[in-house]
Amino acid sequence: MQIRFYAYDFDYKIKDGQTYIYLYGKLENNHKICVIQQYNPYFYAKVEDVDKEELEKRLPKLEVEAKEPAKVIKWQEIDKELLGKKQKFWKIEVNYPKAVPLVSKELESWGLECYEKDILYVHRYLRDKAITPMTLLEADGELTNDKHMRVAVFQADEIKQFSKDNFNKPKILAIDIETYAKNKIIDPKKNPILMVALYGLDEQGKEYRKVITWKRFSNKLNYLEFVSDEVEMLKKLREIILDYQPDIITGYFSDGFDLPYIKTRANKHKIKLDFGNDYSDLDSGSGNSLREGRSRIKGILHVDIFKFIRNVFGKDLRTDSYSLDSVSEELLNQKKDDVKISELANTWDNHPEKLDQYCKYNLQDAYLTLKLCTKLLPDMNEFAKITGLPLFDLIRMGFSRLVENYILKRALEYQVIAPNKPKKFEIEQRNEDTYQGGFVYEPTPGMYKDIVILDFKSLYPTIITSHNIGPESLNCSCCKETSSVPDHNEYWFCTKEKKFIPQVLEQLILRRTDVKRLIEEERSKGNDTKILEARSYAIKTLANSFYGYLGFFGARWYCLECARSTTAYARNYIKSTIKKAKNKKFEVVYGDTDSLFLLLGEKHLTEVKEFMNEINFDLPGHMELEYEGHYPQGIFVAIKGKEKGAKKKYALIDENDKLKITGFETVRRNWSKIAKELQKEVLQLVLEDKTEEAIEYLRETVKDLKSGKIDPEKLIIKTQITKDLSSYSSIGPHVAVALRMLEQNIPVSAGTVVEYIIAKGSGLVRERAKLPSEIKDNNYDSDYYLNHQILPAVAEIFAVLGYSEEELVGESKQTGLGNFL
DNA sequence: CGAGCCCGGGG
DNA sequence: GTGTACGGGCTCG
């Protein structure tokens, strides 16, 4: 029989000594299914200059000792291209995935070169079969009566792509927990989960809302359900998930927090969380370290939407912070509930009647997470289509790995074999390789009006394709002397034949052009272009990452010369464009790699456009200079203590009074609240031409600071203890405070976030670092806060306005403040 | 100045 | 799971 289904989660199992791929998904009628198919893992061995007869004899007898002996099943000779050279390889199939590293290692000890021995089995299968996750597939085979699965199992003889139709109506369940965290100590072994919020969206668009908690209080929340204790709450959670049967479970930082936390609590209470479609447990790695795990439920796609935003999507957001609050504000125009989460533990213990605000807050977080997931699903789907990777994996990857997987997919069509990943010593060598990056035009510190930004559209990708830059075309014998790279006469790239890397990149660029044309078409017909826009975005992002990939030490297709040449060409283009702009009497205030900032001055915008046209006329290939935008005002600051303008550090205000801040680093928790608030406010005021108010604001802040009026809460600096206290060789302020906490019988362990305030006195910072509770009569060190928090946050901004650091600081070291203040 | 350590997201 | 991020800033020594 034949079925069609969308596959969204992948796994493999060994059955009767054979390897099967497991594709979990959904039929078009919304029934869940698991489709399995036998497929052998394999790798390649190079057989040039190898005694093949001898090898023929040895391979069948080979058996590497392991729990399950690793064996070779069959082999086949095949012509492949390795870094531009056609060579003979044997494709060697083995009995199970983990046999690949075992057998290949053995063969390497015989002196053979082995390739593609670390390609994940699932990825290999998907690429070989040209099966795209999240799209409609067709399978021929039979249903089996597998009783070990929660869903129907279909054994396929053949699976193929049916269409590229998206799986766009998945059933999604967002999950968010609130935990008991007194003094900000997050410890899943000790502290219980207090409430769990679930926000679902089914295939018909119907929503589901639920908050479960285990302390009763009177309320009017219709989604709230009480249970007797944490154990019952976890059991209820299990029940709901099994009953709801979502395709996707999503959370915000749920890889690093919610799911491992739930897992740890469940383990403690000996509760099974067998959500998996094969009855397997929620897998949160070892479960102990919350930091960088990944949580998996077999057959349900776990999307930690934070990961996708941090790794991929966030790079194009204005916000510097990837907190749920800032990301939601920017993408959804909605915020988290404004609730003091630090008071939850206290409210739980002493004022349960006030818990309803936390339940609302909890549900709102789940709601925002769900919204982010549905909003970004088209984008994630498009990345899945281009790279062919399972969604689970791709959202957890950085750009380099995404690029590499895209290249690996294309490599199959070109009969190209992947070079091996570098080994440790090779990585070390590569890490020592350096090359010059983009050209940054040093700004003159100052405030500027009417800034126009122009930038080269996809500069690096268009340089790579226009100049055929790649490891296979580097210094070819056929093109010596014909053209060489600017600043690097020792490099040239083939001009006769497009090679693999620039070719697959060019395919991306051409595809994007197609997609963009399609967007215009659909738009003119009044159709929705969301998916096409997501596709265009994914292609652009991937294309832009090729250059970085070529210079990335972990890359299979690493090519230092290529990376060097790409930036060398880029510097050449931007410099000559700046020069031409100056010739046209434009004032250039800044430029970075692919952009130039012009002052409009007395000129009209049409003159800018004319200038762009002239530039574009001379550019090769797909290269193009574009208009990015107009900003009424911007500020460029100087390098600390110098006259020179700092590169990559400026703030602009757009026509809607929205700040675009680059390079100002104050979102971290080891900056005090007072410094963070001050910096943002000062930037905003200054760029709105309210310098007087900005100075006034600073003056007030400093005055309050000096007179001890600042709420010590705003002076708290937070630093985490990350290991056993005795193993610190360098005693920083946070370690010193932690040691004193121990003396006071306050528990401190790895994971504790130490809060401290710097108090008056002398000596090292750590000798004056006090617990907030040790601060009496606001005896904080206002000089420290002035010199290490307040001034560093705003000095460079005021310096631009003519108030140099010396003026600002003045005699502050003795008297606290200069005359100016 | 280099080495060592911590930042992010989450309560 | 055919595994284990990354790049940058601050303080101490």
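1. Let's talk about the overall build of chain A
Then comes step 1: Along the backbone of chain A there are 25 helices and 26 strands.
Then comes step 2: A globule of 821 residues ought to have a C-alpha radius of gyration of about 28 Å, and chain A, at 30 Å, matches this closely.
Then comes step 3: Projected onto the principal axes, the alpha-carbon positions of chain A cover approximately 90 × 80 × 60 Å.
Then comes step 4: Evaluated residue by residue, chain A yields a buried proportion of 55% over its 821 residues.
Then comes step 5: Within chain A, contacts between residues at least 6 apart in sequence are counted, and of these 68% link residues at least 24 apart.
Then comes step 6: Carbon and sulfur atoms form 46% of the exposed surface of chain A, whose accessible area is close to 37400 Å².
Then comes step 7: Side-chain charges in chain A split into 126 positive and 128 negative, and the spacing between the mean points of these groups amounts to 2 Å.

2. Some thoughts on a negative patch on the surface
Then comes step 1: On the surface, a cluster of negative charge is made up of Asp51, Glu53, Glu54 and Glu56.
Then comes step 2: Here Glu53 is to be found in helix α1 (residues 52-61).
Then comes step 3: Judged by its relative accessible area of 63%, Glu53 is exposed.

3. Topic: the protein's contact with DNA strand B
Then comes step 1: DNA strand B sits among 29 residues. The nearest are Thr179, Phe253, Gln720, Thr722 and Tyr728.
Then comes step 2: Near the protein, meaning within 4 Å, the atoms of DNA strand B are sugar or phosphate in a fraction of 74%, with bases accounting for the rest.
Then comes step 3: One nitrogen or oxygen atom from the main chain of Ser323 is found 3.4 Å from a sugar or linking oxygen belonging to DNA strand B.
Then comes step 4: The separation between a phosphate oxygen of DNA strand B and a polar side-chain atom of Asp365 is 3.4 Å.
Then comes step 5: For the surface near DNA strand B, the secondary structure elements donating two or more residues are β11 (172-179), α9 (356-387) and β24 (717-720).

4. Focus: the protein's contact with DNA strand C
Then comes step 1: In the region of DNA strand C, 22 residues are neighbours, and Tyr12, Lys117, Asp118, Ile119 and Tyr121 sit closest.
Then comes step 2: Counting only the atoms of DNA strand C that lie within 4 Å of the protein, the sugar and phosphate share comes to 51%.
Then comes step 3: Between a base oxygen of DNA strand C and a main-chain N or O atom of Asp118, the distance comes to 3.0 Å.
Then comes step 4: Looking at the surface near DNA strand C, the elements with two or more residues in it are α2 (99-109) and α22 (765-768).
Then comes step 5: Split into classes, the residues belonging to the surface near DNA strand C amount to 13 nonpolar, 1 polar and 8 charged.

5. Considerations on the environment of Thr541
Then comes step 1: Looking at the element boundaries, Thr541 is found in helix α15 (residues 530-544).
Then comes step 2: As a C-alpha pair, Thr541 and Arg523 span 18 residues in sequence and 22 Å in three-dimensional space.
Then comes step 3: Thr541 has contacts with Val312, Phe383 and Phe399, leaving out every residue within four places of it along the chain.

6. Regarding the pairing of strand β6 (residues 70-82)
Then comes step 1: As paired strands, strand β5 (residues 63-64) and β6 are joined by 2 bridges and run antiparallel to one another. Among the inter-strand pairings, Val64 is bridged to a residue of β6, identified as Ala70.
Then comes step 2: Hairpin connection between β5 and β6: a loop of 5 residues separates the two successive antiparallel strands.
Then comes step 3: What sits between β6 and strand β7 (residues 85-94) in their antiparallel hairpin is a turn of 2 residues, with Leu83 showing a positive phi close to 45°.

7. A few points about unusual backbone geometry
Then comes step 1: Phi is positive for Ala130, close to 50°, though the residue is something other than glycine.
Then comes step 2: Within the secondary structure, Ala130 is located in the loop between α3 (121-128) and β9 (135-144).
Then comes step 3: You can call Ala130 exposed: its relative accessible area is 52%.
Then comes step 4: One non-glycine residue, Asp487, adopts positive backbone phi at about 70°.
Then comes step 5: Relative to the assigned elements, Asp487 resides in the loop between α13 (459-466) and α14 (500-524).
Then comes step 6: By relative accessible area, Asp487 is classed as exposed at 56%.

8. Focus on the packing of helix α20 (residues 691-706) against helix α23 (residues 782-800)
Then comes step 1: The geometry of α20 relative to α23 is characterised by a closest axis approach of 11 Å and an angle of 175° between their N-to-C directions. When the interaxial angle is binned, α20 and α23 end up roughly antiparallel. From α20, Ala694, Ile695, Leu698, Thr701, Val702, Leu705 and Lys706 reach across to α23, where they touch Ser782, Asp783, Tyr785, Leu786, Ile790, Val794 and Phe798.
Then comes step 2: Here the residues of the contact of α20 with α23 sort into 10 nonpolar, 2 polar and 2 charged.

9. Thoughts on the sheet that holds strand β13 (residues 207-213)
Then comes step 1: The mixed open sheet is built from 6 strands, whose spatial order is β14-β13-β12-β11-β15-β16. The open sheet is flanked by β14 (224-226) and β16 (301-304), the only strands paired with a single partner. Between one strand axis and the next, the sheet turns by 25° as a mean value, whatever way the strands run.
Then comes step 2: Strand direction decides the pairing type here: strand β15 (residues 248-251) and β16, joined by 4 bridges, are parallel. Counterpart to Ile249 in the pairing with β16 is His302.
Then comes step 3: On the sheet, helix α4 (residues 230-244) packs against β11, β12 (193-201), β13, β14 and β15 and is oriented at approximately 10° with respect to β12.
Then comes step 4: Here α9 sits on the sheet and contacts β11, β12, β13, β14, β15 and β16; the angle it forms with β12, its principal contact strand, is near 40°.

10. Structural notes on the layout of surface pockets
Then comes step 1: Looking at the second largest pocket, its volume works out to about 2100 Å³.
Then comes step 2: What lines the second largest pocket is a set of 47 residues, among which Lys315, Asp316, Asp455, Asn544 and Asp594 lie closest to the centre.
Then comes step 3: Ranked by residue count, the leading element in the lining of the second largest pocket is α15, at 6 residues.
Then comes step 4: Taken together, the residues that form the lining of the second largest pocket break down as 16 nonpolar, 13 polar and 18 charged.

11. A short note on the sheet that holds strand β26 (residues 769-770)
Then comes step 1: If you walk across this open sheet you meet the 3 strands as β24-β25-β26, and the pairing is antiparallel. Looking at which strands have only one partner, the edges of the open sheet turn out to be β24 and β26.
Then comes step 2: Where β24 lies against strand β25 (residues 753-758), 4 bridges are found, and the strand directions are antiparallel. Paired with Lys718 across the strands is Glu755, a residue of β25.
Then comes step 3: Lying on the sheet, helix α21 (residues 733-743) is in contact with β24, β25 and β26; it crosses β25 at an angle near 105°.
Then comes step 4: Of the strands in this sheet, β24 and β25 touch α23, which is tilted by about 120° from β25.

Rules used in this analysis
- Residues numbered from 1 in each chain as written.
- Chains lettered and ligands numbered in written order.
- Predicted model: local features only at pLDDT ≥ 70, side-chain atom pairs only at ≥ 80, totals over all residues.
- Heavy atoms only, no water.
- Helix = DSSP H or I, 4+ residues; strand = E, 2+ residues; numbered from the N terminus.
- Rg over C-alpha atoms; globule rule 2.2 N^0.38 Å.
- Buried < 20%, exposed > 50% of the residue type's maximum accessible area, 1.4 Å probe, protein only.
- Contact = heavy atoms within 4.5 Å.
- Areas by Shrake-Rupley, 256 points an atom, 1.4 Å probe, with all protein chains shown as cover.
- Lys, Arg positive; Asp, Glu negative; His and termini not counted.
- Charge placed at Lys NZ, Arg CZ, Asp CG, Glu CD.
- Patch = residues over 30% accessible without salt bridge, like charges linked within 9 Å, V, L, I, M, F, W, Y side chains within 5 Å.
- Salt bridge = Lys/Arg side-chain N within 4 Å of Asp/Glu carboxyl O.
- Near = heavy atom within 4 Å.
- Polar contact = N/O pair within 3.5 Å; in protein donor to acceptor, adjacent residues only side chain to side chain.
- Nonpolar A, V, L, I, M, F, W, Y, C, P; charged D, E, K, R; others polar.
- Pairing = 2+ DSSP bridges.
- Axes fitted to C-alpha atoms, helices over the stretch in contact; angles between N-to-C directions.
- Parallel < 35°, antiparallel > 145°, perpendicular 65-115°, else oblique.
- 1 Å grid on protein atoms, 1.4 Å probe; cavity = no way out; pocket = protein on both sides within 12 Å on 5 of 7 lines; lining within 4 Å.
- Points joined across faces, edges and corners; volume = space filled by probe spheres on them.

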